[in-house]
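What the coordinates show
So the chains spell out like this:
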Amino acid sequence: MCQVEEDYNGLECKQEKIPVPTLNRKCVKCKEGSAVLIIRVSDAFCRSCFKEYFIHKFRAMLGKNRVIFPQEKVLLAVSGGAASCSMLSQVIEGLSRDAPKKLRFMPGIIYIDDGGTCGRSQEERQRSVDQLKSIFTHTGFPYFIVPLEQVFGLPSSVLVPVTSDPDQSNPSYKHAVDQYIREEQKLTVEDKTSAVARLSLEDSAYPPEHKLALESLFSSLNTLTAKEDMLHTLRQHLILHVARENGFSKVMMGESCSRLAVKLLSNIALGRGAALASDTGFSDPRFGDVVIVRPMRDYSSKEIAAYCRMFHVPSVFIPGLETKAQDKASIQRLTETFVTNLQAEFPSTVSTIYRTSEKLHTVKPSESQATEPASKCLLCVCALDTDVDKASAFHATLVSEQLSQIKLQDVSHDALRCAETQCCGTGGCSSNRAPAHQDLKTLLCYSCRLTIKDMGSVDTLPAYIISEAEKRRKRSLMKMEISEYLLEDGD
Amino acid sequence: MAAPLGLHLEFGGGAELLFDGVKNHHVVLPGQSDPWNMKQLLAWIRGNMLKERPELFMQGDTVRPGILVLINDADWELMGELEYQLQDQDNVVFISTLHGG
């Protein structure tokens, strides 16, 4: 039979890992069932206690952060992977309970097919879509299967954050729940399901020039880091657009604790430190009318994988950009390898990072700032962090970048162009890039600048981004021209 | 000589990409004098089944961190991890919880 591991300690010095005794460990919760899974460092759970724990955590997460109101339409972003499929199963579970505490929102599902970015063939993509479709139809919720190529047909209003008015007409959470319970008796079941069922949409058609455009966009990005960043941004825009078009006010993403820990560290490495709170927090209000929530952020990937396996949650593995990539192929991959390896030796790594991220809060922007779309980054719609004065580290990097380019090209540049493109303010513009790059840069936050810098040609960007950039550029030019006639806030 | 050992192996979460996309495998390990343990099974898998990129599945003697191993639907940490001695018709599942396959 199995050996007892008492002598394991003497051999290797994995200090943080507590040696685990053999089979027949009892569940730490009910003390009766035999344990099947170890969660966190050394808590062993039996099957039924684990299921209860899993379900309870989801509802506690939603209940603690009271952002989802009854009868609200919530879009679930499902990628097919274990985390988003288990989120879907939790939503189904929560909506079906007869208990008075059942979840009360109206879900829809969205899947973004990004096979075009990693060169998957049409048949492979269709196969994955079919598998997912059978899962979605089984749930009965309306679903949207959107190919990423459709991003080339988006309107530029996607990039403009809609300010949610600081209205007092929004009732408090408790009040809203009470009101709903009172009114619920009046609504029949047919009303509810029919209202939602009419939305079911499957629009996977896209013209072939969009396909080519997507391919050229991704091939103009040189590094995998930039590709992943761009993919993430485009996906966000597409989900936001679908949510807005169909009246969804919340979007649920299935990012697990481990994924978020990796995302936190890699975002810092990418230069997105200023937006950390909204990128990894529970709710992300940057778009204004549509709020992104992350209810799975408390689950480690081990818990999710074990739950999906033990309770037969259907999921589809869809290879992406990062599949089978080398360990050092991109910043995100490297961070993932780092954190996962560290986690194996020191099992409290991920939870420590997670706790740290919980302490970050989004600062509510002041009124004037919030209404100015130009103060947000063009791509990721977070607050611009490049609008700082001359004594900052950012400014120093700009100066050194310029100095390193001065030697390479001749100094006779068009002074007028210089003033127009509004480069960093030192007056010594000597960028040897096409003016398009320079134009775009001033509208972007630091990490989006790095992504764009990595692009061979900015023209491959979708039309809505380019037109919005043009609009903002013209507006700021105009503002500069009439600036002496404008009244300042203090006057 | 002990009898040959029949096992049912499953790969999920993307790990199947390293095994020609096949998720379920039924293998028979040749009989040997000492009972098979997980460490030997892993070495056997690396030698006989892994088609490509062994570093995405294994790291040294054990599985790569991020791969969850379930033996008969129970966490292998509860069974002794690498020291667990395999029994006939055991069901071993390898689920990758990472991005890269």
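The structure we're discussing is the one just above.
Right, let's walk through the structure included here.

1. As for the overall build of chain A
Looking only at helices and strands, chain A features 19 helices and 8 strands. Among the 491 residues that make up chain A, the fraction classed as buried is 47%. Partitioning the contacts of chain A with sequence separation of at least 6, the portion at a separation of at least 24 is 73%. A total of about 24800 Å² of accessible surface is found on chain A, and carbon and sulfur atoms cover 55% of it.

2. Side note on the sheet that holds strand 5 (residues 67-71) of chain B
All names here are of chain B. Taken in spatial order, the 5 strands of this open sheet run 2-1-7-5-6, and their pairing is mixed. Bordering the open sheet on either side are strand 2 (24-29) and strand 6 (74-75), each of which pairs with just one other strand. Inspection of the sheet shows strand 1 (residues 5-12) paired to strand 2 by 6 bridges, in the antiparallel sense. Of the residues in strand 2, the one forming a bridge with Leu-7 is Val-27. Strands in contact with helix 1 (residues 38-48) are strand 1, strand 2, strand 5 and strand 7 (90-96); relative to strand 7, the strand with the most contacts, it is inclined by about 65°.

3. Points about the interface of chain A and chain B
Taken together, the contact between chain A and chain B spans 34 residues of the former and 34 residues of the latter. Joining chain A to chain B, the criterion identifies 5 salt bridges. Between Glu10(B) and Arg309(A) there is a salt bridge, with the nearest N and O atoms lying 2.6 Å from each other. Our count for the contact surface shared by chain A and chain B stands at 7 residue pairs in polar contact (both at pLDDT 80 or more).

4. Some details on the nonpolar core
Counting residues in each nonpolar core, the largest one holds 96 residues, and the members touching the most others are Phe50(A), Phe136(A), Met252(A), Met38(B), Phe57(B) and Phe94(B). Considering each element in turn, this core owes the most residues, 8 residues, to helix 2 (residues 47-64) of chain A. Setting aside anything within four residues of it in sequence, one finds Met252(A) in contact with Leu62(A), Ile68(A), Val74(A), Leu75(A), Leu76(A), Ala77(A), Met87(A), Val91(A), Phe105(A), Val293(A) and Pro295(A).

5. Quick notes on helix 3 (residues 82-96) of chain A
Residues and elements named next belong to chain A. The end-to-end C-alpha distance of helix 3 is 21 Å, a good match for the 21 Å that 15 residues give at a rise of 1.5 Å each. By the criterion of burial, helix 3 is predominantly enclosed, with 11 of the 15 residues buried. Among all positions of helix 3, only Ala-83, Ser-84, Cys-85, Ser-86, Met-87, Leu-88, Ser-89, Gln-90, Val-91, Gly-94 and Leu-95 are buried. On its buried face, helix 3 sits against helix 2, strand 3 (73-77), strand 4 (106-113), helix 4 (122-139), strand 6 (250-253) and helix 11 (301-310).

6. Quick word on the packing of aromatic side chains
Considering all chains together, one arrives at 14 aromatic pairs over all chains under this definition. Note on Phe19(B) and Phe57(B): the rings are 5.4 Å apart at their centroids and 85° apart in plane angle, and the pair reads as edge-to-face. In this pair, Phe19(B) is assigned in the loop between strand 1 and strand 2 and Phe57(B) in the loop between helix 1 and strand 3 (58-59), connecting sequence segments 38 residues apart. In this pair, the class of Phe19(B) matches that of Phe57(B), namely buried. One aromatic cluster is present, built from ring pairs that chain together Phe45(A), Phe50(A), Tyr53(A), Phe54(A), Tyr299(A), Tyr307(A) and Phe311(A). Between the NZ or CZ atom of Lys57(A) and the centre of the ring of Tyr299(A), over which it lies, the distance is 5.1 Å. For the cation-ring pair, Lys73(A) lies above Phe248(A), with the distance from its terminal atom to the ring centre recorded as 5.2 Å.

Criteria and thresholds
Starting afresh in each chain, residues are numbered from 1 along the sequence in its written order. Think of it this way: whatever chain is written first is A, whatever ligand is written first is 1, and the rest follow in order. Local features in this predicted model are restricted to residues whose pLDDT is 70 or higher, and side-chain atom pairs enter the listing and the counts only when it is 80 or higher, whereas totals over whole chains, interfaces and linings include all residues. Computation of side-chain values covers all heavy atoms of the structure but excludes hydrogens and water. Helical segments are the DSSP runs of H or I of at least four residues, strand segments are the runs of E of at least two, and each set is numbered from the N terminus. Throughout, exposure labels follow a simple rule: accessible area from a 1.4 Å probe, protein chains only, divided by the maximum for the residue type, with under 20% read as buried, over 50% as exposed, and the rest as partly exposed. By the convention used here, residues are in contact when the closest approach between their heavy atoms is within 4.5 Å. Each accessible area is a Shrake-Rupley estimate made with a 1.4 Å probe; only the visible protein chains count as cover when residues are assessed. DSSP bridges decide pairing: two strands pair if at least two such bridges lie between them. Note on method: axes are straight lines fitted to C-alpha atoms, helices fitted across the in-contact stretch only, with angles between N-to-C directions ranging 0 to 180 degrees. The term salt bridge refers to a pairing of a side-chain nitrogen on Lys or Arg with a carboxyl oxygen on Asp or Glu at a separation within 4 Å. In the analysis that follows, any N or O atom pair within 3.5 Å is treated as a polar contact, provided that within protein one partner can donate a hydrogen and the other can accept it, and provided that, for residues neighboring in sequence, both atoms belong to side chains. Take the buried residues of types Ala, Val, Leu, Ile, Met, Phe, Trp, Tyr and Cys, join any two whose side-chain atoms come within 4.5 Å, and each joined set is a nonpolar core. For a helix, the expected span equals 1.5 Å multiplied by the residue count minus one. Whether two aromatic rings pair depends on their centres lying within 6.5 Å, for rings of Phe, Tyr and Trp, where Trp uses its six-membered ring; planes under 30 degrees apart make the pair stacked, over 60 edge-to-face, and the rest tilted. Comment: the charge-over-ring label is applied if NZ (Lys) or CZ (Arg) is within 6 Å of the ring centre and within 35 degrees of the ring normal.

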